[in-house]
Amino acid sequence: MTQKEKKPVPIVMRFFHWFCRPDFREEIEGDLMEQFHIHYIKYGSNKANLLFIKEVMSLFRPSIIGNFNHLTHTNTMEIMNQNKRLATILAIAISILLIPLVAMNLTNEVNWSLFDFIVVGGLLLGTGLILEFILRKIKSLRYRILLGIVLFLVLFLIWAELAVGIFGTPFAGS
């Protein structure tokens, strides 16, 4: 088959394959491709692709998508565990921020401004989200542990620099 004899393929076919339930895919794809080739002959490549996109988007509904398990390579339990970890990260960050807030009400030695809470909250949430990224993307336990230790060491050094200025940077605390 030469290059001119090959039938053109719409540009959004991968999107269609991603969302369409596997048991519906073959039949719907046949109808879509038939309609695409009619449009391709009648209107040309650009308009046929636009009409195909419109037809695929009109199919994007729950009855065609069905069960969402085929959309990802992760199972439902793994997704629930990841969401629990994110909630735990947020809870830990808030808990750590409550310590100076309570201490400010009990003693005059702790004196944080709103800016201090924002900076430390961003530092804690950023560290937590980076840790979550490491846990999701790194599969080797050895590398997870090593990167986690490095991450918390960096967190400790930044926190110490902001608090008391161990390196003497312009961001150093007093």
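Definitions and cut-offs
- All residue numbers refer to position in the chain's written sequence, counted from 1.
- Confidence filtering applies because this is a predicted model: local features only for residues at pLDDT of at least 70, side-chain atom pairs given and counted only at 80 or more, and all residues used for totals across whole chains, interfaces and linings.
- As a rule here, side-chain values cover all heavy atoms of the structure and leave hydrogens and water aside.
- Runs of H or I in DSSP of at least four residues are treated as helices and runs of E of at least two as strands, each being numbered from the N terminus.
- Here the expected length of a helix is defined as 1.5 Å per residue gap, with one fewer gap than residues.
- Categorising residues by exposure relies on relative accessible area from a 1.4 Å probe, with only protein chains included: less than 20% of the type maximum marks a residue as buried, more than 50% marks it as exposed, and the intermediate range marks it as partly exposed.
- Residue contacts are counted whenever heavy atoms from the two residues lie within 4.5 Å of one another.
- On a range of 0 to 100, pLDDT expresses the predictor's confidence in each residue.
- Any residue with relative accessible area above 30% and no salt bridge may belong to a patch, with like charges joined within 9 Å and the nonpolar Val, Leu, Ile, Met, Phe, Trp and Tyr side chains within 5 Å.
- With residues, only the protein chains shown are counted as cover, and all accessible areas are computed by Shrake-Rupley using a 1.4 Å probe.
- Any Lys or Arg side-chain nitrogen located within 4 Å of an Asp or Glu carboxyl oxygen qualifies as a salt bridge.
- Pairing of aromatic rings covers Phe, Tyr and Trp, the last through its six-membered ring, and needs centres within 6.5 Å; plane angles under 30 degrees mean stacked, over 60 mean edge-to-face, and all others mean tilted.

Participant: Describe in detail helix α7 (residues 141–164), supporting the description with residues and values.
Facilitator: The α-helix winds at 3.6 residues per turn, so residues separated by three or four positions along the chain end up facing the same way. Taking 1.5 Å per residue as the helical rise, α7 with its 24 residues ought to reach 34 Å, and the 34 Å between its terminal C-alpha atoms agrees with that figure. Residues G148, L151, L155, A160 and E161 constitute the buried set of α7. Check the buried side of α7 and you find it contacts α6 (114–137). Backbone geometry just downstream of α7 places G165 in the positive-phi region, at approximately 75°.

Participant: Kindly report on the confidence of the model for the protein, identifying the contributing residues and their values.
Facilitator: Summarising the model, the protein shows a mean pLDDT of 82, and 80% of its residues fall at 70 or more. When the elements of the protein are averaged for pLDDT, helix α4 (residues 62–65) gives the smallest value, 64, and α7 the largest, 93. In this model, residues 1–5 is a region of pLDDT below 50 whose contacts with residues beyond four sequence positions or in other chains number one contact.

Participant: Could you give me a rundown of α6, with the residues and numbers involved?
Facilitator: The terminal C-alpha atoms of α6, which comprises 24 residues, lie 34 Å apart, in line with the 34 Å expected from a rise of 1.5 Å per residue. Of all the positions in α6, only F117, V120, G121, L123, L124, T127, G128, E132 and I134 are classed as buried.

Participant: Which residues make up a nonpolar patch on the surface, and what values do they have?
Facilitator: A surface patch of nonpolar side chains, amounting to about 730 Å² of accessible area, comprises Y143, L146, L147, V150, V154, I158, L162 and F171. Secondary-structure assignment places V150 in helix α7.

Participant: Which residues make up the packing of aromatic side chains, and what values do they have?
Facilitator: Between two aromatic rings, the relevant description is the distance of the centres plus the angle of the planes. What the rule picks out here adds up to three aromatic pairs. With a centroid separation of 6.0 Å and 35° between ring planes, the pair formed by F36 and Y40 is classed as tilted. With F36 and Y40 both in helix α2 (residues 22–43), this residue pair falls four residues apart, about one helical turn. Here the aromatic rings of F36 and F52 are separated by 5.7 Å at their centres, their planes lie at 80°, and the arrangement is edge-to-face. Of this pair, F36 sits in helix α2 while F52 sits in helix α3 (residues 45–59), and the two are 16 residues apart along the sequence. The same class applies to F36 and to F52, which are both buried.

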